[in-house]
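As a plain string of letters, each chain reads:
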Amino acid sequence: MVVDPLIELLDVNKYFGELHVLEDINLTVGKGEVVVVIGPSGSGKSTLCRAINRLEPIQSGTIKLDGQPLPEEGKALARLRADVGMVFQSFNLFAHKTVLQNVSLGQVKVRKRKKEEADQRSRELLGRVGLADQAPKFPAQLSGGQQQRVAIVRALAMEPKVMLFDEPTSALDPEMINEVLEVMRQLARDGMTMVVVTHEMGFARSAANRVVFMADGRIVEDRTPEEFFTDPHSDRAKDFLSKILKH
């Protein structure tokens, strides 16, 4: 049992029409843990990630954050979303706002910080990911890797309890992937609780405390990276690893 659970999913089920995309999911993520979710396409990984902050409502089961069930809607849900940082495949930055404005906006609107205070925090965090000089630019003037780092900083600026990453590098050119993963590795070293859906096995091996392997909407294995990669128990995992580790 995880000592200090921050995220708990209990018997979670989710359907898209007839399709059972999450089937009796039980998962606990402890404070400071990095859990990497992997599996073939269509296995329910992204849906799982999006259910944790109610971007996808579930049909049955319970999801708790820090001991509290997820709120249904309204202000409580907005507060929850501030506590759960989310980084998507697409960067979702506001095109008409500068990098600095993108990072400061949520702090002012949701966390009610003064603009000067928010900007100062934004600059500090941008500096931490090597983007201090990009603050006055617009997203379109940045590379994909830089935009994704801004998206991570924007989520971090809210001081979330947990960060969710839904395939954060899959839209990036190969040479940009590492600069984003490096920021994520640093977050892991700093003790941020993270749930990461990714195809990057190197990251799973080096940064995860646990690897959760999904197939057909179920969690098939939930083990340490060492155990999972060297000795997968299920045929599904063996098959999946043989396909990806050949490349």
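Everything that follows concerns the structure shown earlier in this document.
Being a predicted model, the structure only gives us computed values, none of them experimental. (Residues numbered from 1 in each chain as written. Predicted model: local features only at pLDDT ≥ 70, side-chain atom pairs only at ≥ 80, totals over all residues. Heavy atoms only, no water.)

Student: I would appreciate a short explanation of the overall build of the chain in the present structure.
Tutor: In terms of helices and strands, the chain carries nine helices and 10 strands. The C-alpha radius of gyration of the chain comes to 18 Å, within 12% of the 18 Å expected for a compact globule of 247 residues. In terms of overall dimensions, the chain has C-alpha extents of about 55 × 40 × 35 Å along its principal axes. In the chain, which comprises 247 residues, the proportion classed as buried is 53%. Relative to all contacts within the chain whose residues are 6 or more apart in sequence, the contacts with residues 24 or more apart total 66%. (Helix = DSSP H or I, 4+ residues; strand = E, 2+ residues; numbered from the N terminus. Rg over C-alpha atoms; globule rule 2.2 N^0.38 Å. Buried < 20%, exposed > 50% of the residue type's maximum accessible area, 1.4 Å probe, protein only. Contact = heavy atoms within 4.5 Å.)

Student: In this structure, what is going on with the sheet that holds strand β1 (residues 5–16)? I would like to understand it.
Tutor: Hydrogen bonds between backbone atoms are what pair the strands of a sheet, whose relative direction is either parallel or antiparallel. Read across the sheet, four strands follow the order β2-β1-β4-β5 without closing on themselves; strand pairing throughout is antiparallel. Pairing within the sheet leaves two strands with one partner each, and these edge strands are β2 (19–30) and β5 (68–69). Looking at chain direction, β1 and strand β4 (residues 60–65) are connected through five bridges and run antiparallel. Opposite leucine 9, over in β4, you have isoleucine 63 as the bridge partner. (Pairing = 2+ DSSP bridges.)

Student: Can you walk me through the packing of helix α5 (residues 144–156) against helix α6 (residues 174–189) in this structure?
Tutor: A pair of packed helices is characterised by two quantities: the angle between their axes and the separation of those axes. Running from N to C, α5 and α6 point in directions that differ by 20°, and their axes come no closer than 8 Å. Comparing the axis directions of α5 and α6 gives the class roughly parallel. The chirality of how α5 crosses α6 is right-handed. From α5, Gly144, Gly145, Gln146, Gln148, Arg149, Ile152 and Leu156 reach across to α6, where they touch Met176, Glu179, Val180, Val183, Met184 and Leu187. Partitioned by chemical class, the residues of the contact of α5 with α6 number seven nonpolar, four polar and two charged. (Axes fitted to C-alpha atoms, helices over the stretch in contact; angles between N-to-C directions. Parallel < 35°, antiparallel > 145°, perpendicular 65-115°, else oblique. Left-handed = near helix turned anticlockwise from the far one by under 90°. Nonpolar A, V, L, I, M, F, W, Y, C, P; charged D, E, K, R; others polar.)

Student: How do you make sense of the nonpolar core when you look at a structure like this?
Tutor: If you look at soluble globular proteins, the nonpolar side chains tend to sit buried side by side. Of all hydrophobic cores here, the largest spans 49 residues; its most connected members are Ile38, Leu126, Ile152, Met163, Phe165, Met184 and Met194. Element by element, the count of residues in this core is highest for α6, at eight residues. With residues up to four places along the chain from it excluded, the contact list for isoleucine 38 reads Lys45, Thr198, Met201, Val211, Val212, Phe213, Met214, Phe228, Phe229 and Phe240. (Core = buried A, V, L, I, M, F, W, Y, C linked by side-chain atoms within 4.5 Å.)

Student: What should I look at first to understand the sheet that holds strand β3 (residues 34–38) in this one?
Tutor: Taken in spatial order, the six strands line up as β6-β7-β8-β3-β9-β10 in an open sheet, and their pairing is mixed. With partners counted over all chains shown, the strands left at the sheet margins are β6 (84–87) and β10 (218–223), one partner each. Each strand of the sheet is rotated relative to its neighbour by a mean of 15°, with strand direction disregarded.

Student: What's the story with the packing of aromatic side chains in this structure? I'm lost.
Tutor: Between two aromatic rings, the relevant description is the distance of the centres plus the angle of the planes. The final tally for this structure, using the stated rule, is three aromatic pairs. Taking 5.3 Å as the distance between ring centres and 50° as the angle between the ring planes, the aromatic pair formed by phenylalanine 213 and phenylalanine 240 counts as tilted. With phenylalanine 213 in strand β9 (residues 210–215) and phenylalanine 240 in helix α9 (residues 235–245), the pair connects residues that are 27 residues apart, well separated along the chain. The pair formed by phenylalanine 213 and phenylalanine 240 is uniform in burial state, with each residue classed as buried. Pairwise contacts between aromatic rings join Phe213, Phe228, Phe229 and Phe240 into one cluster. (Phe/Tyr/Trp six-rings, centres within 6.5 Å; stacked < 30°, edge-to-face > 60°.)

Student: What's the story with the packing of helix α3 (residues 99–109) against α5 in this structure? I'm lost.
Tutor: With their axes 8 Å apart at the nearest point, α3 and α5 run at an angle of 25° to one another. The orientation of α3 relative to α5 falls into the category roughly parallel. Considering only the axes of α3 and α5, their crossing is right-handed. The segment α3 lies against α5, with Val99, Asn102 and Val103 engaging Val150, Val153 and Arg154.

Student: What is the right way to read α6 from this model?
Tutor: Along its 16 residues, α6 runs 23 Å from first to last C-alpha, staying within 8% of the 22 Å computed at 1.5 Å per residue. For α6, the secondary structure elements touched by its buried residues are β3, α5, β7 (162–166), β8 (193–197) and α7 (201–207). (Expected span 1.5 Å × (residues − 1).)

Student: Would you take a moment to explain the pattern of salt bridges for this structure?
Tutor: Side-chain pairing between opposite charges can occur once the charged atoms of the two side chains come close. A complete count under the given rule lists 20 salt bridges for this structure. Between glutamate 56 and arginine 50 there is a salt bridge, with its nearest N and O atoms 3.7 Å apart. Since its relative accessible area comes to 16%, glutamate 56 is described here as buried. Owing to a relative accessible area of 25%, arginine 50 belongs among the partly exposed residues under this scheme. Here the salt bridges do not stand alone but share partners, grouping Asp4, Lys31, Asp66, Asp83, Arg111 and Lys161 into one network. (Salt bridge = Lys/Arg side-chain N within 4 Å of Asp/Glu carboxyl O.)

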